[in-house]
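In case you want the letters, here they are:
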Amino acid sequence: KPDVRAFEFADDSLWSDRIFMLNAVQDDGTFLKRASAELAEDREVVLAAVHQNWRALEFASRELRGDREILFASVQQGGWEPMMYATPEARDSLRADKEVILA
């Protein structure tokens, strides 16, 4: 397993590589901030990132900040605080979602 600090020195081109990003966000979810726009829209990459650190939600695409599964994973880690990064529509709909509220 690579030293997480090594990712800080990675060439910019690597942040567009899906396999590289999956490895990076599993070590530190906030590395999602370095992802290409395409990978910030990749559901698997974003889900891996928020499972590691809910704060990665801030760097997800708008569409994925409205995804119930991604938001649920974030809420399980960070309580209701991650909802500040959710889309307004998702935030409104999840207020009536018992499973999310009880997470």
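The shown structure was predicted, so the numbers you read here are calculated from the model rather than taken from an experiment.

(A) Quick peek at the side chain of Thr 87. Summarising the element assignment, Thr 87 is placed in the loop between α4 (68–78) and α5 (88–94). Apart from residues lying up to four places away in sequence, Thr 87 is in contact with Arg 62, Arg 65 and Gly 66.

(B) Structural context of the nonpolar core. Formed by 32 residues in total, the largest nonpolar core has its most connected members in Trp 15, Met 21, Val 25, Leu 32 and Val 50. Top element by residues in this core is helix α3 (residues 43–52). It accounts for six residues. Not counting residues up to four positions away in its chain, the partners in contact with Leu 32 are Met 21, Val 25, Leu 39, Ala 40, Val 45, Val 46, Ala 49, Ala 56, Phe 59 and Ala 60.

(C) Region of the structure containing the packing of helix α1 (residues 18–27) against α3. Relative orientation of the contacting elements α1 and α3 amounts to 15 degrees, with a least axis distance of 7 Å. Put simply, α1 runs roughly parallel to α3. Regarding α1 and α3, the two cross each other, and that crossing is left-handed. Contacts from Arg 18, Met 21, Leu 22, Val 25, Gln 26 and Asp 27 in α1 reach Glu 44, Val 45, Ala 48, Ala 49 and Gln 52 in α3.

(D) Layout of the side chain of Ser 74. With respect to the helices, strands and loops of the structure, Ser 74 is situated in helix α4. Residue contacts for Ser 74: discarding those within four places in its chain leaves Val 50, Trp 54, Leu 57, Gly 79 and Pro 82.

Procedures and definitions
Residues numbered from 1 in each chain as written. Predicted model: local features only at pLDDT ≥ 70, side-chain atom pairs only at ≥ 80, totals over all residues. Heavy atoms only, no water. Helix = DSSP H or I, 4+ residues; strand = E, 2+ residues; numbered from the N terminus. Contact = heavy atoms within 4.5 Å. Core = buried A, V, L, I, M, F, W, Y, C linked by side-chain atoms within 4.5 Å. Buried < 20%, exposed > 50% of the residue type's maximum accessible area, 1.4 Å probe, protein only. Axes fitted to C-alpha atoms, helices over the stretch in contact; angles between N-to-C directions. Parallel < 35°, antiparallel > 145°, perpendicular 65-115°, else oblique. Left-handed = near helix turned anticlockwise from the far one by under 90°.

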